[in-house]
Amino acid sequence: MDIKDFIAPFAVWKRAFEKPFTVKKPIDERPGAPRYRGFHMNDADACVGCGTCEAICMNNAIDLVPAAGREAKDGDSGLRPRIDYGRCCWCALCVDICPSGSLSMSNEYVWIDRDPDVFRYVPGVEAKPWDGSALGYRRAEGYRLLDEDRVPMPELGHAEAVASFLELVRGYSRAQAEKEADRCVSCGLCIASCPAHMDIPGYIKAVRDGDMDEGLRLLYETNPFPEACGRVCTHRCEEACSIGSGGDPVAIRWLKRYIADQVELSDYAKALPRGAAPSGKKVAIVGAGPGGLSAAYYLSMQGHAVTVFEAEEAAGGMLRYGIPEYRLPYPALDKDIGYIESLGVSISRGVSIGKDIELSKLRTDFDAVYLSTGLPVAYGLEVPGEDHPRVLDGVAVLARATRGEELGLGGRVAVIGGGNVAMDAARTALRHGATVDILYRRREEDMPADADEVREAKAEGARLVEKAIPLEVRDAPDAAGEAALFIWNEATMVQKEPGKRPVPEPIPGAVREGRYDSIIAAIGQGPDLSFIAESDGVPVKRFRPVVDSFGMATRAAGGAPVFAGGDLVNDRKDAISAIADGHRAAIGIDRLLYGKGA
Amino acid sequence: MDATTFAAALDLALGREKAAVAFYRELSAMASFAAQKSTLAEFMAMEEGHVAMISGMKAKGSVALSPTVAVDLGLAARMDAEERPTAGMTFQDILVAAIKKEERSGVLYERLAEAASQPGLKSVFERLVAEESRHKRYFEDLYESEISKDN
């Protein structure tokens, strides 16, 4: 044995009366490494509350909870992630997946408290000492678990596009659609922003799964115009898409189109539910646009006999007569309408209410009436000379193009306005070989038209003249009514009142004029309510029927209840909102007919 | 335009507001469908409210109107001056007629304010100018939101 073997046991005695190291220095400063994954931080303003972090967390350490002072709005659930550090394993997958990039981690790892329940908080909402820490874990630049780039949509080139009325957008192939569908994280923020509240994550999943019948079934739950909306929907859903907070939003509209395009009309009946047995009730619908036919579809599914009265020779409303075929080919629209008619919905074409048949007669002959007549009256420029023969109405020009009539626009065309009708009229004129100026009173960023429409109109060759206040239309010299001078005042945008939109103010002396063969006015449209008499009992305020939450305008004695919806009633003025109104009214009418009260 | 006293000034204003009521009544008689009539009835009720307000001020002997002039959006000045109310009048036609009517009243009071020599009387007309500017602005806002959405 060695002498050390005898001494060693006694050596420990010198430590016996010392305090343990951990007691003497319990919280010694030992900072985490610069990229250490410590407590979370969240930029609560950039976060959209999509819950992708919650979905990816393997430990169920994240819950989306209401955050004080944050309301739900389009593209933001109003919720924020709460982290439970009793469960968190600090893997940082939540940071890596976060679509908006708002989540990160500090390198702080020390948090001492006697109460075990406190280790759970909402970063970015509940203040912590490590908020704003420059150190910690961030997603590396360029590193993404999610693909931020949208699968490009094959389209005709601009030169080729303006040479014909061929459809501009070709549509996704299966591989492209599935790849694009893979980008969706199923957060559902889009559902709230869609006026029809379509099950968007559901049908995108159907694309991923290759189950087109399921996709079609989900589409028809809330929207019987998937071919049309798959092409021309205003796609508010994409503005709300959480993927769009850090990259391109998922191409929801194109995926909807993909599903509808994959299923032949003859196969629809196999995929879609059957209607209820006949109820013995009859419903009249005025207007065969998307709103009227949406109501017709859902009423028909409830077993009611539906007759739609349409003043035009073809059904479709503004989808047919207001949207050019290069955006919405007629066969696609006919497919949507064809399926609705196949269910037994009768469309009486060329019948005008108020001329051929009175509303009071419909109230007598039917059990309920739904009005969805849209906005067919074009508003005038309201400047001197607006009655000049070369001043045309934008909606009428588009309707004539649909009917295949000769437009006779001439070589130089001015389009006045900044909405979708103006863009469609401009692009139609381009396809008829005209040189086109679009004159708008405000700035490009103020234009109510879809940004895509404006961009494409410009790319196809239209010249945008911003801040042009219409002043007058005059006969062009030596033109004898064949051409006109459009006179405008250049404007500057002035913020006249705080919190309100800037006002175009004429620049003194900056009066300009252009000689045009046609001036297409597209400043706005209004309703034609001349068919509603006072005796019909339909309340109207400022040229708009007043309706309840189901679209009911009156159930006054003397006839069937009258419902109304679509552009006639709502402020959004787009097809998907009209479709949603039609669905809602169908529910209201069905409840009323079955005595459940609207 | 004998408006040299406070009472005469308010009588003039009262006359303008009553004329406005008659204007909408006349249009309403011309109207051919319910939407026109309900809109005109609403605007007529507003003018009747103004008649009551000015009658009240006349009885009290004081003008209780804000001197704040509404911001001019410039629409009225550019609108075609010709009014063409017909049986088929649209919402646009009705609003244009309303805007031009308020504009004319404002211009009249402006001239009277310029011509008034008594400070008290001048103040009355200036407040009436401000009041008419607010009425005009109300209709211009409606025009912007309901008619000229795409422009």
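Description of the structure in this document. (Residues numbered from 1 in each chain as written. Chains lettered and ligands numbered in written order. Predicted model: local features only at pLDDT ≥ 70, side-chain atom pairs only at ≥ 80, totals over all residues. Heavy atoms only, no water.)

Here's the deal with the sheet that holds strand 12 (residues 412-416) of chain A
All names here are of chain A.
Now for step 1: One open sheet holds the five strands; their spatial order is 11-18-12-13-14, and the pairing between them is parallel. Where the open sheet ends on each side, the last strands, each with one partner, are strand 11 (391-393) and strand 14 (463-465). Adjacent strand axes in the sheet meet at a mean angle of 25° when their direction is disregarded.
Now for step 2: Pairing of strand 11 with strand 18 (residues 518-521), which is carried by three bridges, proceeds in the parallel orientation. The residue of strand 18 that forms the bridge with Val-391 is Ile-519.
Now for step 3: Where helix 18 (residues 394-403) meets the sheet, its contacts fall on strand 11 and strand 18, and the angle it forms with strand 11 comes to roughly 70°. (Pairing = 2+ DSSP bridges. Helix = DSSP H or I, 4+ residues; strand = E, 2+ residues; numbered from the N terminus. Axes fitted to C-alpha atoms, helices over the stretch in contact; angles between N-to-C directions. Contact = heavy atoms within 4.5 Å.)

So, the sheet that holds strand 16 (residues 484-494) of chain A
Across a sheet, paired strands are connected by hydrogen bonds in the backbone, their directions being either parallel or antiparallel.
Residues and elements named next belong to chain A.
Now for step 1: A sheet is described by the order of its strands in space; here three strands give the open sequence 15-16-17, paired in antiparallel fashion. Across the chains shown, the open sheet's two edge strands, defined by having one partner strand only, are strand 15 (468-475) and strand 17 (503-516). Adjacent strand axes in the sheet meet at a mean angle of 20° when their direction is disregarded.

As for the packing of aromatic side chains
Residues and elements named next belong to chain A.
Now for step 1: Counted by the stated rule, this structure contains 28 aromatic pairs over all chains.
Now for step 2: Look at Phe-39 and Trp-111: their rings are 5.3 Å apart centre to centre, the planes differ by 85°, and that puts the pair in the edge-to-face class. With Phe-39 in the loop between helix 2 (21-24) and strand 1 (40-42) and Trp-111 in the loop between strand 4 (103-105) and strand 5 (120-121), the pair connects residues that are 72 residues apart, well separated along the chain. Each member of the pair, Phe-39 together with Trp-111, is buried.
Now for step 3: One aromatic cluster in this structure is built from Phe-39, Tyr-85, Trp-90, Trp-111, Phe-119, Tyr-121 and Trp-130.
Now for step 4: The positively charged end of Lys-128 is found above the aromatic ring belonging to Tyr-121, 5.2 Å away from the centroid.
Now for step 5: The lysine or arginine in question, Lys-282, covers the ring of Phe-366, its NZ or CZ lying 5.4 Å from the ring centre. (Phe/Tyr/Trp six-rings, centres within 6.5 Å; stacked < 30°, edge-to-face > 60°. Buried < 20%, exposed > 50% of the residue type's maximum accessible area, 1.4 Å probe, protein only. Lys NZ or Arg CZ within 6 Å of the ring centre and 35° of its normal.)

Observations concerning unusual backbone geometry
Residue and element names in this part refer to chain A.
Now for step 1: Notably, Asn-60 is not glycine yet its phi reads approximately 55°, a positive angle.
Now for step 2: The class for Asn-60 is exposed, based on a relative accessible area of 54%.
Now for step 3: Its identity is not glycine, yet Glu-382 carries a phi of approximately 60°, on the positive side.
Now for step 4: Its location among the elements puts Glu-382 in the loop between strand 10 (377-378) and strand 11.
Now for step 5: Given the relative accessible area of 4%, Glu-382 is considered buried.

Let's talk about the pattern of salt bridges
Residues and elements named next belong to chain A.
Now for step 1: The tally for this structure, following the rule as stated, stands at 58 salt bridges over all chains.
Now for step 2: Across the salt bridge formed by Lys-458 and Glu-444, the nearest N and O atoms sit 2.9 Å from each other. Separated by 14 residues along the polypeptide, Lys-458 in helix 20 (residues 451-459) and Glu-444 in the loop between strand 13 (435-439) and helix 20 bring together distant segments of the chain.
Now for step 3: By relative accessible area, Lys-458 is classed as partly exposed at 37%.
Now for step 4: Members of the salt-bridge network, linked through shared partners, are Arg-327, Asp-424, Arg-427, Arg-431, Glu-453, Glu-456 and Glu-460. (Salt bridge = Lys/Arg side-chain N within 4 Å of Asp/Glu carboxyl O.)

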